[in-house]
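Observations on chain architecture
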Amino acid sequence: MEDDKKKMKKEEPKYRGFKALPFVVCNEAFEKLGTLGATSNLLVYLTTVFNMKSIAATNVSYVFNGTCNFGTLVGAFLSDTYLGRYTTLAVATLASFLGLLVLTFTAAFGSLHPVKCGANSGACGGPSGYQLAVLYTSFALLVVGASGIRSCNLAFGADQFNPKTEQGRKGIAAFFNWYYFTFTFAMMIALTVIVYIQTDVSWALGFGIPAILMLLAVVFFLIGTRLYVTVKPEGSPLTSMFQTLYVAFKKRNLKSKDAALFNHVDEDSVNSKLATSDQLRFLNKAAIMTPEDTIAADGSAADKWNLRSIQQVEELKCLINLIPIWFSGVIYYIVLGLMQTYVVFQAMQSDRHLGRGGFQIPAGTYSIFTMIGITIWIPVYDRICVPILRRFTGMRSGITLLQRMGVGLVLGLLTMVVSGLVEKERRRVALHEPTIGTVPNKGAISSMTANLLIPQLLLAGISEAFAVIGEIELFYKQFPENMRSFAGSFLFCGFAISSYLSSSVISAVEKNSDWLAEDLNKGRLDYFYYLVAGMQLANIIYFLLCAKRYNYK
């Protein structure tokens, strides 16, 4: 009775809402400016300052980005189970600052990077073991930072508002708007101003500015500590999923056809009640009651490692049913990765002059056109395309989420075809027309304008607006409500595996052909793009088969 009174008197958190928002948003803005400012031009840094070969630099970039994304799963688990979002964010933001500081040292001190290659040098000395150790230490710290920040930032910002009140719901919506605004703004600044400073002024200054911005992120985050609502960790929903799998395996020899299934729904659960489905029926065995199973006073299973409710089984099925769709996204992300890696190499060996002046657009800046494609297309799609489609389909969203993803996959295929055609032309001009210079340790610069790379980047952005945003919404709506924070980590894991897969494909192609030569003019990058286009075609067929079998929650 005493415990019940304590529960009833449980204090409502003191939501500070918009008072806490400036500190959260400033932390978010400076963190994004710092991280993106340092990593968006990483490929150029590895090839020009650390004298890495294009293949090696690309693989390092893929592994780094993949580990950052995969780490969000670990970050989300630690946050939900042990640390809480506030502590996770505090540790992660500090780790990111230290990582950027060490990365700045690799550029500022000559002993921490190889001697610069000359314009006519035949072979450039690579980095020593000690230099690589310092570089990879900075990457490791950045991975720790990204793992915690990416998995907790959105949820922590939403925690500052009361979701039960109208004002709180408006505050959450406002925070999401500010979140995506700061992300886009940070990406624009990182790909223009900071990349220019790194390439044309000083790498040390170009990394030092992001490090200072990250230090400001740490300061702003800590200043707002007294205003924050800090939600205590209540355990990861992944634990519940593992329990269901374990019990289903443990009871695998039982027959579920006519057995009584335990059907209990926790009154405090935020999850929608799910009907029993015929899919993956072997998992239903986890809900079969045996004489050994006991029920607690609140109606739940006394031992969660011996008995699961059919509701918990259906929640696991929601996750498993999404895995085939998720895997299709993994293959698709290869396209987006290439738009951030080999497009940079193409730009380096193309004419990047702006007009007739001497100013050259930094090679790493061209990726901004993917962001521009997303930014322009989203309002066009939302305000023009959806109302038109709604008239034909009668659906509020115009088309289903799987149809939206399918359109994105097709556009991804077209992106690769266009990329191949542009590269074929760039190479032809480089081999048969006068060149305009050379890139140290690479080759001649084609007189073809790098602006011809813009259409494929815009197409990739529109493709991403269809496929990735559609996938995010699909995960948000189809995951159990208590796993929606994990849904983001699930998406990031897809990016991670895609990065590792891309690295493996590039290594295999490099070992068995000369398509990916250090000098693009001597290779056949266009053939590689067509190979990836073939992979996307097979992926579209696979996706259509999965989409046909998928049942919405």
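Definitions and limits used
- Residues numbered from 1 in each chain as written.
- Predicted model: local features only at pLDDT ≥ 70, side-chain atom pairs only at ≥ 80, totals over all residues.
- Heavy atoms only, no water.
- UniProt positions renumbered as here; feature names shortened; annotations may be inferred.
- Axes fitted to C-alpha atoms, helices over the stretch in contact; angles between N-to-C directions.
- Helix = DSSP H or I, 4+ residues; strand = E, 2+ residues; numbered from the N terminus.
- Parallel < 35°, antiparallel > 145°, perpendicular 65-115°, else oblique.
- Left-handed = near helix turned anticlockwise from the far one by under 90°.
- Contact = heavy atoms within 4.5 Å.
- Nonpolar A, V, L, I, M, F, W, Y, C, P; charged D, E, K, R; others polar.
- Domains from an automatic or database assignment.
- Buried area = accessible area lost by both parts, 1.4 Å probe.
- Salt bridge = Lys/Arg side-chain N within 4 Å of Asp/Glu carboxyl O.
- Buried < 20%, exposed > 50% of the residue type's maximum accessible area, 1.4 Å probe, protein only.

The name an unreviewed UniProt entry assigns to the chain is Nitrate transporter, from the organism Genlisea aurea. In its Subcellular location (unreviewed entry) section, UniProt records this for the chain: "Membrane".

With their axes 7 Å apart at the nearest point, helix α4 (residues 54–83) and helix α6 (residues 129–159) run at an angle of 45° to one another. Between α4 and α6, the crossing angle belongs to the class labelled oblique. In the crossing of α4 with α6, the sense of the turn from one axis to the other is right-handed. On α6, the residues that touch Val60, Phe64, Thr67, Cys68, Asn69, Gly71, Thr72, Gly75, Ala76 and Ser79 of α4 are Tyr136, Phe139, Leu142, Val143, Ala146, Ser147, Arg150, Ser151 and Cys152. Looking at the contact of α4 with α6 residue by residue, the classes come out as 10 nonpolar, eight polar and one charged.

Here we come to the domain arrangement of the chain. Split into domains, the chain comes out as domain 1 (17–224) and domain 2 (313–549). One C-alpha centre belongs to domain 1, the other to domain 2; they are set 22 Å apart. Counting residues at the interface gives 38 residues for domain 1, matched by 37 residues for domain 2. For the pairing of domain 1 and domain 2, the buried interface totals around 3200 Å² over both sides, and the portion due to carbon and sulfur atoms is 67%. Sorting the residues of domain 1 by area buried against domain 2 places Ile55, Tyr62 and Leu191 first, and these three jointly supply 21% of that buried surface.

What follows is about the environment of Leu43. For Leu43, the location among the structural elements is in helix α3 (residues 42–48). Along the sequence, Leu43 and Thr365 sit 322 residues apart, while their C-alpha atoms lie 12 Å from each other. Excluding residues within four positions of it along the chain, Leu43 makes contact with Ala57, Thr58, Ser61, Gln340, Thr341, Val344 and Phe345.

Turning our eyes to something else, we now look at the pattern of salt bridges. Within this structure, the stated rule accounts for nine salt bridges. A salt bridge links Arg85 to Asp159; the shortest N-O distance between them is 2.6 Å. Taken together, the positions of Arg85 in helix α5 (residues 85–108) and Asp159 in helix α6 put the pair 74 residues apart, joining distant regions of the chain. The same class applies to Arg85 and to Asp159, which are both buried.

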